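The primary structure of each chain is shown beneath.
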Amino acid sequence: LKPFWHKQTSGSRVRKVVSLIPMSSAGDESAEEARKRLTTDLLAVGIRPGSPLLIHSSLAAIGRVQGGADTVIDALLDAVGPEGTLCMPTLSYLFTTVENPTFDVKLTR
């Protein structure tokens, strides 16, 4: 992963946001090697063990990774470590329709 740093402002708060440019796995790289490389890349861009991390991405946007989503998720978990928090929003509009425009966790089935 190649980092592209930018600032995001929300009111008086400024936070550092990193966009990662995908760099696909080498064809002969194993899933374990890809996991180690991704973990190293994530640590290199400033993700620290014990920190909270919010990831909003598409697996397709990351590029081809040996082992697929499991490898990427394992690398993210390795980077934040057992004391960190990994948050990954899962957005599904399957049940949000014109007839039912609002998702309510208690009422939507």
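Since this is a predicted model, take the numbers as computed values, not measurements. (Residues numbered from 1 in each chain as written. Predicted model: local features only at pLDDT ≥ 70, side-chain atom pairs only at ≥ 80, totals over all residues. Heavy atoms only, no water.)

A. Summary view of the overall build of the protein chain. Within the protein chain one finds three helices and four strands. When the helices and strands of the protein chain are placed in sequence order, the string is β-β-α-β-α-α-β. Contacts spanning at least 24 positions in sequence make up 56% of the contacts within the protein chain whose residues lie at least 6 apart. (Helix = DSSP H or I, 4+ residues; strand = E, 2+ residues; numbered from the N terminus. Contact = heavy atoms within 4.5 Å.)

B. Looking closely at the side chain of Thr-71. Tracing the chain through its elements places Thr-71 in helix H3 (residues 68-80). Take Thr-71: its relative accessible area is 5%, and that puts it in the buried class. Within polar-contact distance, the side chain of Thr-71 engages the backbone oxygen of Gln-66 at 2.9 Å. Once you skip the residues sitting within four places of it in the chain, Thr-71 turns out to touch Ala-31, Ala-34, Arg-35, Leu-38, Val-65 and Gln-66. (Buried < 20%, exposed > 50% of the residue type's maximum accessible area, 1.4 Å probe, protein only. Polar contact = N/O pair within 3.5 Å; in protein donor to acceptor, adjacent residues only side chain to side chain.)

C. Region of the structure containing the nonpolar core. Counting 13 residues, the largest nonpolar core has Leu-38, Leu-42, Ile-47, Leu-53, Val-65, Val-72 and Leu-76 as the members making the most contacts within it. Breaking this core down by element, the ones donating at least two residues are helix H1 (31-44) and H3. Among the elements that make up this core, the one with the highest residue count is H3 (five residues). (Core = buried A, V, L, I, M, F, W, Y, C linked by side-chain atoms within 4.5 Å.)

D. Focus on the packing of H1 against H3. Look at H1 against H3: their axes get within 8 Å of each other, and the N-to-C directions meet at 45°. Classified by the angle between their axes, H1 and H3 sit oblique to one another. Crossing handedness for the pair H1 and H3: right-handed. Together, Ala-31, Ala-34, Arg-35, Leu-38, Thr-39, Leu-42 and Leu-43 of H1 and Thr-71, Val-72, Asp-74, Ala-75, Leu-76, Asp-78 and Ala-79 of H3 make up the contact between the two elements. (Axes fitted to C-alpha atoms, helices over the stretch in contact; angles between N-to-C directions. Parallel < 35°, antiparallel > 145°, perpendicular 65-115°, else oblique. Left-handed = near helix turned anticlockwise from the far one by under 90°.)

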